[in-house]
Number of protein chains: 2
Amino acid sequence: MTTLYFHPISNPSLYPLFVAEAAGVKHDRKMVNLQTQEQKGDAYLAVNPFGRVPAMVDGDLAIGESSAIGRYLARQSGSDIYSEDLREAALIDQWVEFIVHHIRANVGRVQFNRFIAPMIGETSDESSIALGEKFLAANLPHVEIALSGDGHLHGDRLTLADIALVAAMEPQFTAKLDLEAFPVLTAWLETMRKQDWYQSVHTHFGSEMGL
Amino acid sequence: MTTLYFHPISNPSLYPLFVAEAAGVKHDRKMVNLQTQEQKGDAYLAVNPFGRVPAMVDGDLAIGESSAIGRYLARQSGSDIYSEDLREAALIDQWVEFIVHHIRANVGRVQFNRFIAPMIGETSDESSIALGEKFLAANLPHVEIALSGDGHLHGDRLTLADIALVAAMEPQFTAKLDLEAFPVLTAWLETMRKQDWYQSVHTHFGSEMGL
């Protein structure tokens, strides 16, 4: 049995859950209580020495890091959300990496300072918010153009690339992201969030926390 | 023939060069002139619409993003720096991702503000340097412990994980990183930089720029 460790407010840790649902991988989910620092406790460090969510345990294999877990789940399942063809796998990989570095990281900057910091009593860094918004404005046009084709970042079917984008954009409302310039993306996100693999995880980002 | 596009001061773009050398992939190298914004010109955008280095062209396949290129080169070559075993591939993937997110990104923060910004006439952000150094101090111990075994991040041989770490640490001297607390890593980097796959790219970081 596969066990996936996550926290609902950590959008990188939601990615493996979405992938498992989309690929039809049976799994247990364990929520790690970041508020009580459970991720730094001995029991969790035995699972993931990096002390972060997400993590995955499958038999004697235990790994951390979201893209690595997503790729493993997809390959192991044989689902067509990834590809056993090296060239197609490379095209999907480059999109996942682009999303993680240039979209998710900048959504994270804004989300941390606008939503998380006030919640945990830290000072919000306005210059970090401005930097995140500047980089998003520069990088989201690539996504808008790609989705304007047939509604997928790669090919004509749902892949890890699309799921990575949905996970990256989870904090859209809590981070108060202004997506007015990206109508295709905005409509696409609404559609994606109605799909079974999304709804099997949650109805919307933050629902587990009563948001 | 495989063509790899890079710039010698972009350490993410050196990673595919190191991987190609370690995996024995014959390739052409094309330096992209970032000083003249060649990466935003039409010729380069036809190769990589993201407008960044690195990029790779292999026949009709063109991709960007360093980890995606590295994985493709390793799989295509059949080299044992990666693995066709799904479980072992996942273990190597998690290390590469850990290095890229938690080491390379923070080396990049320090390198940008201490070395690049003064060079291009921008103001250095001291708080960004402090943040990068804080995160490096928190994450480098994982690397120090892993290398203290048999000198590899995964298994008993050179893998993509080790090469990712070498590439991440390229700006060690230009970013003036203080590695005094990490003697195993410091000695390991010296050893790695003497290997053929490193020396086939350059004698040291910045040598192409006369550093």
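Quantities reported herein were computed from a predicted structural model and do not represent experimental measurements.

Enquirer: I'd like a description of the environment of Asp93(A), backed by residues and values.
Expert: Locating Asp93(A) in the fold gives a position in helix α4 (residues 86–119). Residue Asp93(A) is classed as buried on the basis of its relative accessible area, which comes to 5%. Not counting residues within four places of it along the chain, the set of residues in contact with Asp93(A) comprises Arg71(A), Tyr82(A), Ala68(B) and Arg71(B). Among the polar contacts made by the side chain of Asp93(A), one reaches the side chain of Tyr82(A) at a distance of 2.8 Å.

Enquirer: Break down the packing of helix α5 (residues 126–147) of chain A against helix α7 (residues 183–192) of chain A for me, citing the residues and quoting the values.
Expert: Residue and element names in this part refer to chain A. Look at α5 against α7: their axes get within 8 Å of each other, and the N-to-C directions meet at 70°. Viewed along their axes, α5 and α7 adopt a mutual orientation that is roughly perpendicular. Between α5 and α7 lies a crossing whose hand is left-handed. In contact with Leu 140, Val 143, Glu 144 and Leu 147 of α5, α7 contributes Pro 183, Val 184, Leu 185 and Trp 188. Its residues assigned to classes, the contact of α5 with α7 shows seven nonpolar, no polar and one charged.

Enquirer: Got a sec to walk through the UniProt feature "domain: GST N-terminal" (unreviewed entry) in chain A? Specific residues and values, please.
Expert: Sequence positions flagged by UniProt for "domain: GST N-terminal" (unreviewed entry) are, in local numbering, residues 1–81 of chain A. Regarding residues 1–81 of chain A, the helix share stands at 38% and the strand share at 22%, and the terminal C-alpha atoms are separated by 21 Å.

Enquirer: Let's hear about a nonpolar patch on the surface: which residues, and what values?
Expert: Where nonpolar side chains cluster on the molecular surface, the patch consists of Met31(A), Met209(A) and Leu211(A) and spans about 260 Å² of accessible area. Inspection of the secondary structure assignment puts Met209(A) in the segment after α8 (196–199).

Enquirer: Can you lay out the pattern of salt bridges for me, pointing to particular residues and giving the numbers?
Expert: Residues and elements named next belong to chain B. According to the stated counting rule, one finds 20 salt bridges over all chains in the structure shown. Here Arg 157 and Asp 80 are joined by a salt bridge, their closest N and O atoms 3.9 Å apart. Highlighted residues: Arg 157 in the loop between α5 (126–147) and α6 (160–168) and Asp 80 in the loop between α3 (66–77) and α4 (86–120), separated in sequence by 77 residues. A salt bridge links Arg 157 to Glu 88; the shortest N-O distance between them is 3.1 Å.

Enquirer: Account for empty space enclosed by the protein, with residues named and values stated.
Expert: Scanning all chains against the criterion turns up five cavities of 30 Å³ or more. Of the pockets and cavities examined, the largest cavity occupies roughly 160 Å³. Together, 16 residues line the largest cavity, and Ser67(A), Arg71(A), Glu97(A), Ser67(B) and Glu97(B) are the ones closest to its centre. Where the lining of the largest cavity is concerned, the elements lending two or more residues are α3 (66–77) and α4 of chain A together with α3 and α4 of chain B. Residues that form the lining of the largest cavity fall into these classes: six nonpolar, four polar and six charged. The space that makes up the second largest cavity amounts to roughly 60 Å³. In terms of lining, the second largest cavity is formed by Asn11(B), Pro12(B), Tyr15(B), Ser66(B), Ser67(B), Val96(B), Ile99(B), Val100(B), Arg104(B), Ala164(B), Ala167(B) and Ala168(B). Those elements giving two or more residues to the lining of the second largest cavity turn out to be α1 (11–23), α3, α4 and α6 of chain B. Within the lining of the second largest cavity, the residues separate by chemical class into eight nonpolar, three polar and one charged. Residue contributions to the lining of the second largest cavity reach at least three from each of two domains, namely domain 1 (2–79) and domain 2 (86–199) of chain B.

Analysis parameters
- Residues numbered from 1 in each chain as written.
- Chains lettered and ligands numbered in written order.
- Predicted model: local features only at pLDDT ≥ 70, side-chain atom pairs only at ≥ 80, totals over all residues.
- Heavy atoms only, no water.
- Helix = DSSP H or I, 4+ residues; strand = E, 2+ residues; numbered from the N terminus.
- Buried < 20%, exposed > 50% of the residue type's maximum accessible area, 1.4 Å probe, protein only.
- Contact = heavy atoms within 4.5 Å.
- Polar contact = N/O pair within 3.5 Å; in protein donor to acceptor, adjacent residues only side chain to side chain.
- Axes fitted to C-alpha atoms, helices over the stretch in contact; angles between N-to-C directions.
- Parallel < 35°, antiparallel > 145°, perpendicular 65-115°, else oblique.
- Left-handed = near helix turned anticlockwise from the far one by under 90°.
- Nonpolar A, V, L, I, M, F, W, Y, C, P; charged D, E, K, R; others polar.
- UniProt positions renumbered as here; feature names shortened; annotations may be inferred.
- Patch = residues over 30% accessible without salt bridge, like charges linked within 9 Å, V, L, I, M, F, W, Y side chains within 5 Å.
- Areas by Shrake-Rupley, 256 points an atom, 1.4 Å probe, with all protein chains shown as cover.
- Salt bridge = Lys/Arg side-chain N within 4 Å of Asp/Glu carboxyl O.
- 1 Å grid on protein atoms, 1.4 Å probe; cavity = no way out; pocket = protein on both sides within 12 Å on 5 of 7 lines; lining within 4 Å.
- Points joined across faces, edges and corners; volume = space filled by probe spheres on them.
- Domains from an automatic or database assignment.

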